[in-house]
Amino acid sequence: MDFTFTEEQQAAVEASAAVFGGVAPDGVPSPALTAGAVADDFDRALWAKLADADLLSLLLDPAYGGAGLDAIALCLVLRESAKVLARVPLLESTAAAVTVQEYGDEETKAGLLARAGRGEVVLTVAANGRTGHEPAERAVTARRDGDVWTLDGVQTAVAWAHGADLVVVPAHTDDGRTLLALVPRGHEGTVLGEQVSTSGERLGELRLESARIPGGQVIEAEGAWERLRDLLTTGTCALALGLGERVLRMTSAYTGKREQFGFPVATFQAVAVQAADRYIDLRAMEATLWQAAWRISTRAAGTGTATGGPAGGALPVAGDVAVAKIWASEGVRRVVQTAQHLHGGFGADTESPLHRYHAWAKHLELSLGPAAAHEEALGDLLAAHPLG
């Protein structure tokens with residue numbers, strides 16, 4: 001088997017590294033020193049640079065101005081973005097656009113995708129449900145009234161909601177189906193409250209009160225939400241990996257120059273062992289991430305199956321995604337906690353960027369469900385799909 005990345009995927013990494021190379025993690029006020037959100041909007045200047053570098057259209061078909069790449073390419077770019085704590089809805093907007101491309105009708109695709117790839121339209125996803133501890137699709141009900149769907153419910157912690165043009169909202173119908181509604185910001189029947197993440201970023205609580213959404217803005221295809229959710233979760237794992245790699249590199253640099261008793265603390269066995277353990281965490285995070293991204297990339301749209309996966313008896317794609325999220329949640333937490341410990345007092349110094357990485361890591365750890373939630377989901381999958 002060939003585990004190397006393709007030339008196109010490597011080109012995406014090089015392009016993203018060039019764009020993110022000039023981004024400073026401390027470009028906004030510290031969340032530790034700010035009562036509310038660190039900024040009202042995401043980094044629009046960086047967003048424009050990503051559009052100019054064609055990084056917003058990586059997964060779109062050439063017909064919509066895209067490169068036609070896969071989830072692996074997106075995860076490679078997200079990995080680079082997390083190293084500098086890039087404040088852009090790259091994951092959410094790309095994942096939503098890809099879902100529209102695979103499951104939306106032709107009119108919706110024609111009117112939205114090319115503009116999204118150019119950065120003219122920003123999309124995000126309401127993926128955390130009412131409390132962040134329940135299936136997102138159960139938080140909103142959808143009732144059909146002719147050619148219009150009426151939505152009622154609450155979605156919490158919607159990333160970048162105050163700056164996005166459209167929010168993709170999963171909702172459930174009376175007959176148990178899940179659909180995706182493309183809800184414009186400020187749409188009649190919606191109220192957007194303000195919330196703040198541990199990272200200091202502005203989130204939104206989206207309340208839908210008899211919000212009427214035209215049928216053309218609703219995706220009813222089976223499997224659309226599962227596909228979107230898996231891509232969001234895997235992308236979150238890529239962010240956690242990139243963040244963790246940068247933090248371990250920061251820790252290595254610090255312990256290599258910090259001396260005690262006339263020697264760099266990196267030469268002390270206790271320090272070296274802790275750093276080695278975190279390196280192992282990162283390699284496990286990486287292996288499970290690429291497994292999940294590969295399964296998503298080889299899954300046929302609308303089928304929920306992997307076209308190039310292992311032989312019979314393999315778990316559904318959701319199993320690989322759950323394993324990746326378990327490692328990402330626990331691994332990134334251990335990496336930043338060890339970094340704080342090995343940095344000593346400097347780890348809590350607001351003049352140092354490390355505390356920002358710790359805050360972002362906590363947000364990523366809990367995004368789309370903590371490790372325990374995915375362990376439970378994995379257990380259910382194993383019970384329902386015995387391996388043989």
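Quick note: structure is the one above.
Rules of the game
Residues numbered from 1 in each chain as written. Predicted model: local features only at pLDDT ≥ 70, side-chain atom pairs only at ≥ 80, totals over all residues. Heavy atoms only, no water. Helix = DSSP H or I, 4+ residues; strand = E, 2+ residues; numbered from the N terminus. Rg over C-alpha atoms; globule rule 2.2 N^0.38 Å. Buried < 20%, exposed > 50% of the residue type's maximum accessible area, 1.4 Å probe, protein only. Contact = heavy atoms within 4.5 Å. Areas by Shrake-Rupley, 256 points an atom, 1.4 Å probe, with all protein chains shown as cover. Lys, Arg positive; Asp, Glu negative; His and termini not counted. Charge placed at Lys NZ, Arg CZ, Asp CG, Glu CD. Polar contact = N/O pair within 3.5 Å; in protein donor to acceptor, adjacent residues only side chain to side chain. Salt bridge = Lys/Arg side-chain N within 4 Å of Asp/Glu carboxyl O. Phe/Tyr/Trp six-rings, centres within 6.5 Å; stacked < 30°, edge-to-face > 60°. Lys NZ or Arg CZ within 6 Å of the ring centre and 35° of its normal. Pairing = 2+ DSSP bridges.

The next thing to look at is the overall build of the protein. Within the protein one finds 10 helices and 10 strands. Against the compact-globule benchmark of 21 Å for 388 residues, the protein has a radius of gyration of 21 Å, which places it among compact chains. Seen along its three principal axes, the alpha-carbon backbone of the protein occupies a region of about 80 × 55 × 35 Å. Each of the 388 residues in the protein was classed as buried or not, and the buried ones make up 52%. Within the protein, counting contacts between residues at least 6 apart in sequence, those at least 24 apart form 74% of the total. Here the protein has roughly 16,700 Å² of accessible surface; of this, 53% comes from carbon and sulfur atoms. In the protein, which carries 32 positive and 49 negative side-chain charges, the distance between the mean positions of the two groups comes to 4 Å.

Residue placement: Glu201 occurs in the loop between strand E6 (190-196) and strand E7 (202-214). Under the relative-accessibility criterion, Glu201 is labelled buried at 5%. A polar side-chain atom of Glu201 sits 2.7 Å from a polar atom in the side chain of Arg87.

Now for unusual backbone geometry. Backbone geometry places Asp54, a non-glycine residue, at a positive phi of 60°. One can find Asp54 in the loop between helix H2 (44-52) and helix H3 (71-83). In this model, Leu368 sits at a positive phi of 60°, which is unusual for a non-glycine residue.

To continue, consider the environment of Arg283. Mapped onto the fold, Arg283 is located in helix H7 (residues 269-297). The spacing of Arg283 and Gly242 is 41 residues in sequence and 11 Å in space, taken between C-alpha atoms. Dropping the residues within four chain positions of it, Arg283 is found in contact with Arg79, Leu241 and Glu245. Of note is the side chain of Arg283, whose polar atom sits 2.8 Å from the side chain of Glu286.

Before going further, it helps to spend a moment on the pattern of salt bridges. All told, the structure shown has 26 salt bridges when counted by the stated rule. Note that Arg118 is salt-bridged to Glu120, the shortest N-O span being 2.9 Å. When its relative accessible area of 46% is taken as the criterion, Glu120 is described as partly exposed. Residue Arg283 pairs with Glu245 through a salt bridge whose shortest N-O separation is 3.1 Å. Of this pair, Arg283 sits in helix H7 while Glu245 sits in helix H6 (residues 224-257); the two residues are 38 residues apart in sequence, bridging distant segments of the chain. Judged by relative accessible area, Arg283 falls into the partly exposed class, the value being 25%. By relative accessible area, Glu245 is classed as buried at 10%. What emerges from the salt-bridge pattern is a single network uniting Arg79, Glu245, Arg283 and Glu286.

Geometry of an aromatic ring pair is reported as the spacing of the ring centres plus the angle between the planes. All told, the structure shown has 4 aromatic pairs when counted by the stated rule. For the ring pair Phe5 and Trp290, a centre distance of 5.2 Å and an interplane angle of 70° mean the geometry is edge-to-face. Taken together, the residues span a long stretch of sequence, with Phe5 in the segment before helix H1 (7-20) and Trp290 in helix H7 at a distance of 285 residues. Ring geometry for Tyr254 and Phe346: centres 5.8 Å apart, planes at 55°, overall tilted. With Tyr254 in helix H6 and Phe346 in the loop between helix H8 (317-343) and helix H9 (354-366), this residue pair connects regions lying 92 residues apart in the sequence. Ring-pair connections join several aromatic residues into one group, and the members of that group are Phe42, Trp47 and Trp160. Residue placement shows Arg283 over the ring face of Tyr279; its charged tip is 4.9 Å from the ring centre.

On a C-alpha basis, the gap between Glu201 and Ala159 in space is 8.3 Å, while along the polypeptide they are 42 residues apart. Not counting residues within four places of it along the chain, the set of residues in contact with Glu201 comprises Val38, Arg87, Trp160, Gln195, Val196 and Trp360.

Another point: the pairing of strand E5 (residues 178-184). Burial of E5 is extensive: 5 of the 7 residues sit out of reach of the surface. Where strand E4 (residues 166-172) lies against E5, 7 bridges are found, and the strand directions are antiparallel. Looking at the pairing, Val167 lines up with Val183 of E5. Counting the residues between successive antiparallel strands, the hairpin from E4 to E5 contains 5 residues, one of them, Gly176, with a positive phi of roughly 85°.

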